[in-house]
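Secondary and tertiary structure notes
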Amino acid sequence: MSDAQKDFRDLLHAQRVWDVTLPRFDPSAVPAAPLPLFHAWFAEAVAAGQTEPHTMTLATADAEGRPDVRTLMLHDADERGWHFATHATSAKGRQLAERPHAALGFYWPAQGRQVRVRGAAVPTSPEESRADLRARSAGALASALTGSQSEVLPAPEDLERASEAAWERARAEPDAEVESWTRYVVEPREVEFFQGDDRRRHVRLRYRREGANWIRELLWP
């Protein structure tokens, strides 16, 4: 084993998990549907000082079934599901067109909590997608206008030039449209809430949809 590999492993194994006082979670007192519990846990993560609690991982699969994952922002969570937005022409947009199913993961280490969501990822209407882009900052609009997300970048200078032009347009046209910008909603079939425990007796509560109803069941950690 090289010295560099040994240094990495020593550093890796020295890291602590949940070096905080973890909250208790009583799965017998939860609501009948997962959305109110998600809203409550999100608010508690914010109150606990969790950094960027609105970020989440999005897992998709390409046409060959090979998985892919990245981190992005939650745009809403309502009765329809969990919302995010991206270019339909991006890698994740193309993957969702081929295989319209996704998984989301939230991790809030400030409270030792995770939330996992699985379901169909459905594009919302063009009107909602346009409204989503208009509601964001000038920087977000400039980013959306910059170029072809996920495509090969020939040189850093190309990004700099495209970004400068996009910022100028975003300032001059705050309502500029980006045809490929698409808002998606993950319509949940399963939602799991994970509460860590310092004695490793983690609580895993899964909501599973059957027809119009949600079935609640505990899982072994």
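See the structure above.
Here we summarise the structure given alongside this text. Note that the structure is predicted; figures quoted are calculated from it, not measured. (Residues numbered from 1 in each chain as written. Predicted model: local features only at pLDDT ≥ 70, side-chain atom pairs only at ≥ 80, totals over all residues. Heavy atoms only, no water.)

Scanning the model with the defined rule gives 20 salt bridges in all. The partner of Asp78 in a salt bridge is Arg80, and the shortest N-O contact between them spans 3.7 Å. Taking relative accessible area as the criterion, Asp78 reaches 15% and is therefore assigned buried. In this structure, Glu217 and Arg208 form a salt bridge, with 2.8 Å as the shortest nitrogen-oxygen distance. (Salt bridge = Lys/Arg side-chain N within 4 Å of Asp/Glu carboxyl O. Buried < 20%, exposed > 50% of the residue type's maximum accessible area, 1.4 Å probe, protein only.)

With 14 residues, helix H2 (residues 34-47) ought to run about 20 Å at 1.5 Å a step, and its terminal C-alpha atoms sit 20 Å apart, in line with that. Backbone geometry just after H2 places Gly49 at a positive phi near 85°. (Helix = DSSP H or I, 4+ residues; strand = E, 2+ residues; numbered from the N terminus. Expected span 1.5 Å × (residues − 1).)

On to the pairing of strand S2 (residues 67-73). With seven bridges joining them, strand S1 (residues 55-61) and S2 adopt antiparallel strand pairing. Note that in S2 the partner of Ala59 across the bridge is Val69. Here S1 hands over to S2 after five residues, with Gly65 in that stretch at a positive phi of 85°. (Pairing = 2+ DSSP bridges.)

Take the packing of aromatic side chains next. For the coordinates displayed, the defined rule picks out 12 aromatic pairs. Seen from their ring centres, Trp18 and Phe194 are 6.2 Å apart, and the 45° between their planes marks the pair as tilted. Of this pair, Trp18 sits in the loop between helix H1 (3-13) and H2 while Phe194 sits in strand S7 (residues 181-195), and the two are 176 residues apart along the sequence. We note that Trp18, like Phe194, is buried. With centroids separated by 5.2 Å and ring planes inclined at 85°, the aromatic side chains of Trp41 and Phe193 adopt a geometry described as edge-to-face. Here Phe193 lies in strand S7 and Trp41 lies in helix H2, a separation of 152 residues in the sequence. (Phe/Tyr/Trp six-rings, centres within 6.5 Å; stacked < 30°, edge-to-face > 60°.)

With that settled, consider the pairing of strand S9 (residues 213-219). In terms of strand pairing, strand S8 (residues 203-210) meets S9 through seven bridges, oriented antiparallel. Looking at the pairing, Arg204 lines up with Leu219 of S9. In textbook terms, the turn of a hairpin is the stretch between consecutive antiparallel strands, and for S8 and S9 this stretch comprises two residues, one of which, Gly211, has a positive phi near 65°.

It is worth spelling out the packing of helix H5 (residues 138-146) against helix H6 (residues 156-172) at this point. Where H5 meets H6, the closest approach of the two axes is 8 Å, and the angle between their N-to-C directions is 130°. It follows that H5 is oblique to H6 by the angle criterion. The crossing of H5 and H6 is right-handed. On H6, the residues that touch Ala138, Gly139, Leu141, Ala142, Leu145 and Thr146 of H5 are Leu159, Ala162, Ser163, Ala166, Trp167, Arg169 and Ala170. (Axes fitted to C-alpha atoms, helices over the stretch in contact; angles between N-to-C directions. Parallel < 35°, antiparallel > 145°, perpendicular 65-115°, else oblique. Left-handed = near helix turned anticlockwise from the far one by under 90°. Contact = heavy atoms within 4.5 Å.)

Taken as a whole, the second largest pocket encloses approximately 200 Å³ of empty space. Contributing to the lining of the second largest pocket are 16 residues, with Pro126, Arg130, Val178, Glu179 and Trp181 lying nearest its centre. Only helix H4 (126-134) and S7 provide two or more residues apiece to the lining of the second largest pocket. When residues in the lining of the second largest pocket are grouped by element, the largest group, five residues, is from H4. Residues that form the lining of the second largest pocket fall into these classes: seven nonpolar, four polar and five charged. (1 Å grid on protein atoms, 1.4 Å probe; cavity = no way out; pocket = protein on both sides within 12 Å on 5 of 7 lines; lining within 4 Å. Points joined across faces, edges and corners; volume = space filled by probe spheres on them. Nonpolar A, V, L, I, M, F, W, Y, C, P; charged D, E, K, R; others polar.)

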